Amino acid sequence: MRKLKISVLIIGAGPAGLSCALWLVNQGYKPVVLERASHLCGMLRFNHHENDWLLGFPGYTGQAIGAKFLEHIQSKNLDIITSALLTSITQREHGFLVSFTESGRQIQIESDYLVIASGMRPRTPVELIKLSTQYPQNFLVGAGELYLDDFKVGQRVALLGGGDNAFENAFHLALRGVFVDIYCRAEARARDEWQARCKENPNISIHLHANIGQFSVSEKEVNFVENGELRLADVVVVMYGYEPNTDALRKISPWLDTAINEKGFIKVNVYQQAPIERVYAIGDVTDRPLPCLPSAIGQGSLAAKAIVLDAEGMLQ
Ligand SMILES: Cc1cc2nc3c(=O)[nH]c(=O)nc-3n(C[C@H](O)[C@H](O)[C@H](O)COP(=O)(O)OP(=O)(O)OC[C@H]3O[C@@H](n4cnc5c(N)ncnc54)[C@H](O)[C@@H]3O)c2cc1C
């Protein structure tokens, strides 16, 4: 078994984790970043929309911004371990012992500080996750899977969800001549402007209090039942919102429970410190309102600065 001793271990190589690592490296630290996936940049990898929300990157897609982040990070010779599967995190007197496997190898890292940057994932019932693996053309999970240009005039889409994401995407699909049925489990939660636009569009039907299930696929068509009625669609898009990636961490480190709120997010103070000594949390996994890319990057740098001050005994 390989063993390492370091000062800061960061879990998650999304924008928050990479930003934290960058700031630490620039201050003379040698953090290690553990990433569960085989790729870096987290949710940015699934954002193919051109945006105008990050200062200095007009017209870039999330993926293009991610490529710039990687270029910067690679110039720093940072230690990032991908496809890392955490198996345990135990508390020590002055830090943590983190065990994980990578390509079948078992590795242990002793670290003074732990930074959790594990982000969020689309909230999806297990049945729909299985179907999306089995029929990837017919079931798309989360906004990141939906490429508007892939749809053709006359196609039928069942959009599951009642929030802004569902209504906004339904509207853009309908503009392309796609017939969209939006199925909301209760009332719609989307902003009034999106609801109004969708209600006015003849290509969109909105189903409220829709109890749906019994999905099956035949001849490339999806059949399912809504409140006892048989429905058909070419593609089912699931947009039930997002949930924090903390359940896997809780399973292997139950002591983290005291730092997690009722929705599964990690509680933090103004310095991104969780209510457990030497544990910090940053980005979408924290209980902060309105998560987004710029705030994830900002929280990463803030945590790095706070850790450096704390290590020097200067954090109040
Ligand atoms: C389609 C789409 C459109 C978006 N549009 C915008 C927008 O217009 N403007 C905007 O500001 N933001 C947008 N966002 C949101 C933005 O991408 C996120 O706010 C940002 O990526 C959050 O960064 P993060 O590092 O906190 O989390 P993530 O990007 O989620 O990264 C977390 C990383 O942690 C890893 N991880 C999870 N669990 C573990 C574990 N147990 N062990 C190791 N690694 C783990 C994940 O694999 C992932 O790589 C969009 C996101 C999507 C998907």
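Thresholds, definitions, all that
Residues numbered from 1 in each chain as written. Predicted model: local features only at pLDDT ≥ 70, side-chain atom pairs only at ≥ 80, totals over all residues. Heavy atoms only, no water. Pairing = 2+ DSSP bridges. Helix = DSSP H or I, 4+ residues; strand = E, 2+ residues; numbered from the N terminus. Axes fitted to C-alpha atoms, helices over the stretch in contact; angles between N-to-C directions. Left-handed = near helix turned anticlockwise from the far one by under 90°. Contact = heavy atoms within 4.5 Å. Nonpolar A, V, L, I, M, F, W, Y, C, P; charged D, E, K, R; others polar. Buried < 20%, exposed > 50% of the residue type's maximum accessible area, 1.4 Å probe, protein only. Arc of directions from axis to C-beta. Core = buried A, V, L, I, M, F, W, Y, C linked by side-chain atoms within 4.5 Å. Domains from an automatic or database assignment. Buried area = accessible area lost by both parts, 1.4 Å probe. Salt bridge = Lys/Arg side-chain N within 4 Å of Asp/Glu carboxyl O. Near = heavy atom within 4 Å. Polar contact = N/O pair within 3.5 Å; in protein donor to acceptor, adjacent residues only side chain to side chain. Areas by Shrake-Rupley, 256 points an atom, 1.4 Å probe, with all protein chains shown as cover.

**Considering the sheet that holds strand 9 (residues 156-160)**
- As summarised here, the arrangement of the five strands in space is 8-15-9-10-11, forming an open sheet in which the pairing is parallel. Edge positions in the sheet fall to strand 8 (139-141) and strand 11 (204-207), since each has one partner strand and no second. Across the sheet, the mean angle separating the axes of adjacent strands is 20° when strand polarity is ignored.
- Here strand 8 pairs with strand 15 (residues 235-238) via three bridges, running parallel. When the bridges of strand 15 are listed, L140 appears paired with V237.

**Some remarks on the packing of helix 4 (residues 164-175) against helix 5 (residues 192-200)**
- One way to put it is that helix 4 packs onto helix 5 with a least axis distance of 9 Å and a crossing angle of 35°. Handedness of the crossing formed by helix 4 with helix 5: left-handed. Seen from helix 4, the contacting residues are D164, F167, E168, A170, F171 and H172; seen from helix 5, they are W194, Q195, R197 and C198.
- For the contact of helix 4 with helix 5, the residue count by class is five nonpolar, two polar and three charged.

**Examining helix 3 (residues 126-134)**
- What helix 3 keeps buried is the set L128, L131 and S132. When helix 3 is viewed along its axis, its buried side chains cluster within an angular range of 100° and face the same direction. The exposed set on the far side of helix 3, more than 90 degrees from its buried face, consists of V126, K130, T133 and Q134.
- Tucked inside the fold, the buried residues of helix 3 contact strand 8, strand 9, strand 12 (212-218) and strand 15.

**Describing the sheet that holds strand 12**
- Pairing is antiparallel in the open sheet, where three strands are placed in the order 12-13-14. In this open sheet, the two edge strands, each paired with only one partner strand, are strand 12 and strand 14 (229-233). Adjacent strand axes in the sheet meet at a mean angle of 25°, parallel and antiparallel pairs treated alike.
- Bridge analysis of strand 12 against strand 13 (residues 221-226) gives five bridges, and the strand direction is antiparallel. Bridging across to strand 13, V217 finds its partner in V222.

**Description of the nonpolar core**
- Judged by nonpolar contacts, the single largest core of 33 residues is most densely connected at V8, I10, C20, L24, V115 and Y280.
- When contributions to this core are tallied by element, the ones reaching two or more residues are strand 1 (2-11), helix 1 (15-26), helix 2 (62-74), strand 6 (105-116) and helix 7 (293-311).
- Among the elements that make up this core, the one with the highest residue count is helix 7 (seven residues).
- Dropping the residues within four chain positions of it, V115 is found in contact with V8, L9, I10, I11, C20, Y280, I282 and I307.
- Core analysis: the next-biggest nonpolar cluster, separate from the first, contains 28 residues, I11, A84, I266 and A281 among them.

**Here we look at the domain arrangement of the chain**
- Each domain of the chain was delimited in the assignment, giving domain 1 (2-121 + 242-311) and domain 2 (124-238).
- Distance from the C-alpha centre of domain 1 to the C-alpha centre of domain 2: 33 Å.
- Counting the surface lost from both domain 1 and domain 2, the interface buries some 460 Å², and carbon and sulfur atoms represent 46% of this.
- Applying the counting rule to domain 1 against domain 2 returns zero salt bridges.

**Structural notes on the site of the ligand**
- Taken together, 30 residues are adjacent to the ligand, and E35, M43, W53, D284 and L293 come closest.
- In this structure, A16 approaches the ligand through a main-chain N or O atom, which is 3.0 Å from an oxygen atom.
- N47 places a side-chain nitrogen or oxygen 3.2 Å from a nitrogen atom of the ligand.
- Protein coverage of the free-state accessible area of the ligand, which is 1,000 Å², stands at 88%.
- Those elements that provide at least two residues to the shell around the ligand are helix 1 and helix 7.
- At three residues, helix 7 tops the list of elements feeding residues into the shell around the ligand.

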